[in-house]
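# A structural walkthrough
One-letter residues, chain by chain:
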Amino acid sequence: MKEAALGETTSLEELCDEIKGLMPDRPKVCIGIDGMDGVGKTSLARELAALLGATVISLDDHVERKRGEYVSWIRCQEVTAAMRATGGNVVIVDGVCLRAVAERCGFAVDVHVYVKLVSKDSGLWHDADICLAEAPVEDLKQHERELRRSGAVLSGREDVEQAESETGLRDELIDYHAKWSPLEKADAICTTIRD
């Protein structure tokens, strides 16, 4: 696996070339863009699609919202129909828990790209504790619940219940990373850098 940091050390074009080198030689290829929520998967997918002449399918467009989970609420028939309907040879699918969704919906990911988010100022990798799953899963989940609850209270949000329901996705992401090890199994890792 090679790590590319967009915007500073490696250009998008170089990442695109790396992906091209990993693509199998067949009529239809699926590139998967995976990572935690909010790391820039969809933006990266769109930028890569422009360079590769690919079609983007965002899993977020095919999920029942506000269910507290992700994978079990993906509308698989819609996703696979969208994949079949693409006119080009390359389709890019982006979303969290990508490997689990691919298995559930019955499609193969030929090139798996994992996106990490790093803070420009501190250099800290957001969500490293979850992505590397070095602590016991239940400890990570409890820590995430406490962070969400205290964040909602500190920000003045009255809807602490909403903050708690958001932990459903975080719990699922923790389970996904522990079970599927997507970072370790990725063909390429892209580090996005934000302020």
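Here, every reference points to the structure presented above.
Summarised in this report is the structure supplied together with it. Worth saying up front: this structure is predicted, and the values here are computed from it rather than measured.

Calculation criteria
Residues numbered from 1 in each chain as written. Predicted model: local features only at pLDDT ≥ 70, side-chain atom pairs only at ≥ 80, totals over all residues. Heavy atoms only, no water. Helix = DSSP H or I, 4+ residues; strand = E, 2+ residues; numbered from the N terminus. Contact = heavy atoms within 4.5 Å. Areas by Shrake-Rupley, 256 points an atom, 1.4 Å probe, with all protein chains shown as cover. Disulfide = S-S within 2.5 Å. Buried < 20%, exposed > 50% of the residue type's maximum accessible area, 1.4 Å probe, protein only. Salt bridge = Lys/Arg side-chain N within 4 Å of Asp/Glu carboxyl O. Arc of directions from axis to C-beta. Axes fitted to C-alpha atoms, helices over the stretch in contact; angles between N-to-C directions. Parallel < 35°, antiparallel > 145°, perpendicular 65-115°, else oblique. Nonpolar A, V, L, I, M, F, W, Y, C, P; charged D, E, K, R; others polar. Pairing = 2+ DSSP bridges. Right-handed = clockwise from strand over helix to strand, strands pointing away.

## Description of the overall build of the chain
When helices and strands are counted, the chain shows 8 helices and 6 strands. A fraction of 76% describes how many contacts in the chain between residues 6 or more apart in sequence connect residues 24 or more apart. Carbon and sulfur atoms form 48% of the exposed surface of the chain, whose accessible area is close to 9900 Å².

## Structural notes on the state of the cysteines
Following the criterion strictly, the structure yields 1 disulfide and no others. The residue that forms a disulfide with Cys76 is Cys105, at a sulfur-sulfur distance of 2.1 Å. Where Cys76 bonds to Cys105 through sulfur, the torsion about that S-S bond is close to -65°, and the disulfide is left-handed. In this pair, Cys76 is assigned in helix H3 (residues 76-85) and Cys105 in helix H4 (residues 98-105), connecting sequence segments 29 residues apart. Taken individually, Cys76 and Cys105 each receive the classification buried, so the pair is uniform in this respect.

## Here's the deal with the pattern of salt bridges
Considering all chains together, one arrives at 6 salt bridges under this definition. Residues Glu64 and Arg75 are paired through a salt bridge, measuring 3.1 Å at the closest nitrogen-oxygen approach. Of this pair, Glu64 sits in the loop between strand S3 (55-58) and H3 while Arg75 sits in the loop between S3 and H3, and the two are 11 residues apart along the sequence. The class of Glu64 is partly exposed, set by a relative accessible area of 30%. Here Asp127 ties to Arg170 by a salt bridge, and the two come within 2.7 Å at their closest N and O atoms. In this pair, Asp127 sits in the loop between strand S5 (111-119) and helix H5 (128-132) while Arg170 sits in helix H7 (residues 160-180), placing the two residues 43 residues apart along the sequence. The two residues Asp127 and Arg170 agree in class, both being buried.

## Notes on helix H1 (residues 12-22)
Those residues of H1 not exposed but buried are Leu12, Leu15, Cys16, Glu18 and Ile19. Along H1, the residues classed as buried sweep out an arc of 160° about the axis, all on the same side.

## With respect to the packing of H1 against helix H2 (residues 41-52)
Pairs of packed helices are described in terms of their axes, by the angle between the two and the distance that separates them. For the pair H1 and H2, interaxial distance at closest approach is 10 Å and the crossing angle is 70°. By the angle class used here, H1 and H2 are roughly perpendicular. Residues Leu12, Glu13, Leu15, Cys16, Ile19 and Lys20 of H1 lie in contact with H2, whose contacting residues are Leu44, Glu47, Leu48, Leu51 and Leu52. Per-class residue counts for the contact of H1 with H2 are 8 nonpolar, no polar and 3 charged.

## Considering the environment of Thr192
As for its position among the elements, Thr192 is in strand S6 (residues 188-194). With a relative accessible area of 10%, Thr192 lands in the buried category. Expressed as a C-alpha distance, the spacing of Thr192 and Leu117, which sit 75 residues apart in the sequence, is 4.9 Å.

## So, the pairing of S3
Here 4 bridges tie S3 to strand S4 (residues 90-94), and the two strands are oriented parallel to one another. Directly across from Ile57, in S4, lies its bridge partner Val93. Between the parallel elements S3 and S4, the chain passes through H3 in a crossover that is right-handed.

## A word on the pairing of S4
With 5 of its 5 residues buried, S4 lies for the most part within the structure. Here S4 shows two buried faces, one formed by Val90, Ile92 and Asp94 and the other by Val91 and Val93. With 5 bridges connecting them, strand S2 (residues 29-35) and S4 associate as parallel partners. Looking at the pairing, Cys30 lines up with Val91 of S4.

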